[in-house]
2 protein chains.
Amino acid sequence: MITQTQDILFKTLADPTRRALFERLCRDGELTVGALTADAGVSQPAVSKHLGILKQAGLVRDHHQGRQTHYRAQPDALEPLLDWTTQMAGFWHRRFNELEDLLKRMDQ
Amino acid sequence: MITQTQDILFKTLADPTRRALFERLCRDGELTVGALTADAGVSQPAVSKHLGILKQAGLVRDHHQGRQTHYRAQPDALEPLLDWTTQMAGFWHRRFNELEDLLKRMDQ
DNA sequence: CCAATTCATAACTATTGGGTTATAAATAAA
DNA sequence: TTTATTTATAACCCAATAGTTATGAATTGG
């Protein structure tokens, strides 16, 4: 079910602090938990939990180096979101064109 | 704050039944509350509440006709979502190119 | 070895939010 | 006018979740 993937993505990105973490990783590249926590506005455990959820959604990847964990964004995971959005817009435009055609036929 | 708009959109579309209502309106065009309720899988008050939230987010518009309320999708409201997604992908690609350039310079 | 640092997990709390039933308000029909 | 239909709102309940503090596990440095 593809709608499952969309659901996970929307739910994951619905939280502002979580979305802010992902945005920072997109902008600044790879960062440690400590660096992310410094500007997150919430505690370190909260940041770790959010990163775990982002990881489960496939939006970030991590690798360990000594006692630090580095996280980086995985923006490919945004593709289903892009697909859904364009599809919704597409449905609407198709309907719009159908209506346009109908009006044209009625005009004849 | 544009991030406010994004927050509202993500939060609004994070709920599956609410997103399903929006999808149906995109596919099928204008529908009444009754028609939407028939296939929603939840009660009519639940549907009304969801439609109210979608309306506040600007994702749907309504108009009254007799005792029925007709709802239709307003897919233009998805634009900030599209902007955010492409922007995140853009940030990442820019960083990717920077890295690529760095590697090229190191290669010389 | 011992202390300090970095991150993840556990346990708990409070709030949010989506669902329900009951009911009100408005319109249509009999 | 009375009854039936359609939608919105109110009041309430339960589950999910984002936050906290406390602590454990792993690694580094003295």
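Residues numbered from 1 in each chain as written. Chains lettered and ligands numbered in written order. Predicted model: local features only at pLDDT ≥ 70, side-chain atom pairs only at ≥ 80, totals over all residues. Heavy atoms only, no water.

- The name an unreviewed UniProt entry gives chain A is Helix-turn-helix transcriptional regulator, with Bowmanella dokdonensis as the organism.

1. Section: the protein's contact with DNA strand D
Phase 1: Neighbouring DNA strand D are 22 residues; A:Ser43, A:Lys49, A:His50, B:Gln44 and B:Ser48 lie closest to it.
Phase 2: The sugar-phosphate backbone supplies 63% of the atoms of DNA strand D found within 4 Å of the protein.
Phase 3: Contact between DNA strand D and A:Arg67: a base oxygen at 3.1 Å from a side-chain N or O atom of the residue.
Phase 4: Between DNA strand D and B:Gly34, the relevant distance is 2.9 Å, taken from a phosphate oxygen to a main-chain nitrogen or oxygen of the residue.
Phase 5: Elements supplying a minimum of two residues to the surface near DNA strand D: α2 (16-28) and α4 (44-56) of chain A together with α3 (33-38), α4 (44-56) and β3 (68-73) of chain B.
Phase 6: Top contributing element to the surface near DNA strand D by residue count: α4(A), with five residues. (Near = heavy atom within 4 Å. Polar contact = N/O pair within 3.5 Å; in protein donor to acceptor, adjacent residues only side chain to side chain. Helix = DSSP H or I, 4+ residues; strand = E, 2+ residues; numbered from the N terminus.)

2. Section: the interface of chain B and chain A
Phase 1: Chain B puts 28 residues into the contact, and the matching count from chain A is 28 residues.
Phase 2: Of the roughly 2700 Å² buried between chain B and chain A on both sides combined, carbon and sulfur atoms contribute 69%.
Phase 3: Across the chain B-chain A interface, the total number found is two salt bridges.
Phase 4: Linking A:Asp7 and B:Arg19 is a salt bridge whose minimum nitrogen-to-oxygen distance equals 3.3 Å.
Phase 5: Across the chain B-chain A interface, the total number found is six residue pairs in polar contact (both at pLDDT 80 or more).
Phase 6: Taken together, the elements giving at least two residues each to the side of chain B that touches chain A come down to α1 (2-14), α2 (16-28) and α5 (79-107) of chain B.
Phase 7: When residues in the side of chain B that touches chain A are grouped by element, the largest group, 10 residues, is from α5(B).
Phase 8: Looking at the side of chain B that touches chain A residue by residue, the class counts come to 16 nonpolar, five polar and seven charged. (Contact = heavy atoms within 4.5 Å. Buried area = accessible area lost by both parts, 1.4 Å probe. Salt bridge = Lys/Arg side-chain N within 4 Å of Asp/Glu carboxyl O. Nonpolar A, V, L, I, M, F, W, Y, C, P; charged D, E, K, R; others polar.)

3. Description of the packing of aromatic side chains
Phase 1: Taken as a whole and judged by the stated rule, the model has five aromatic pairs over all chains.
Phase 2: Ring geometry for A:Phe10 against A:Trp84: centres 5.2 Å apart, planes inclined by 80°, an arrangement best described as edge-to-face. Of the two residues, A:Phe10 is situated in helix α1 (residues 2-14) and A:Trp84 in helix α5 (residues 79-107); the sequence distance between them amounts to 74 residues. No difference in accessibility class separates A:Phe10 from A:Trp84, as the two residues are buried.
Phase 3: Members of the aromatic cluster, joined through ring pairs, are A:Phe10, A:Phe22, A:Trp84, B:Phe10, B:Phe22 and B:Trp84. (Phe/Tyr/Trp six-rings, centres within 6.5 Å; stacked < 30°, edge-to-face > 60°. Buried < 20%, exposed > 50% of the residue type's maximum accessible area, 1.4 Å probe, protein only.)

4. Focus: the pattern of salt bridges
Phase 1: Taken as a whole and judged by the stated rule, the model has 10 salt bridges over all chains.
Phase 2: In this structure, B:Asp39 and B:Arg24 form a salt bridge, with 3.4 Å as the shortest nitrogen-oxygen distance. Here B:Asp39 is found in the loop between α3 and α4, whereas its partner B:Arg24 is found in helix α2, with 15 residues between them in sequence.
Phase 3: Taking relative accessible area as the criterion, B:Asp39 reaches 57% and is therefore assigned exposed.
Phase 4: The network of salt bridges with common partners includes A:Asp7, A:Lys11 and B:Arg19.

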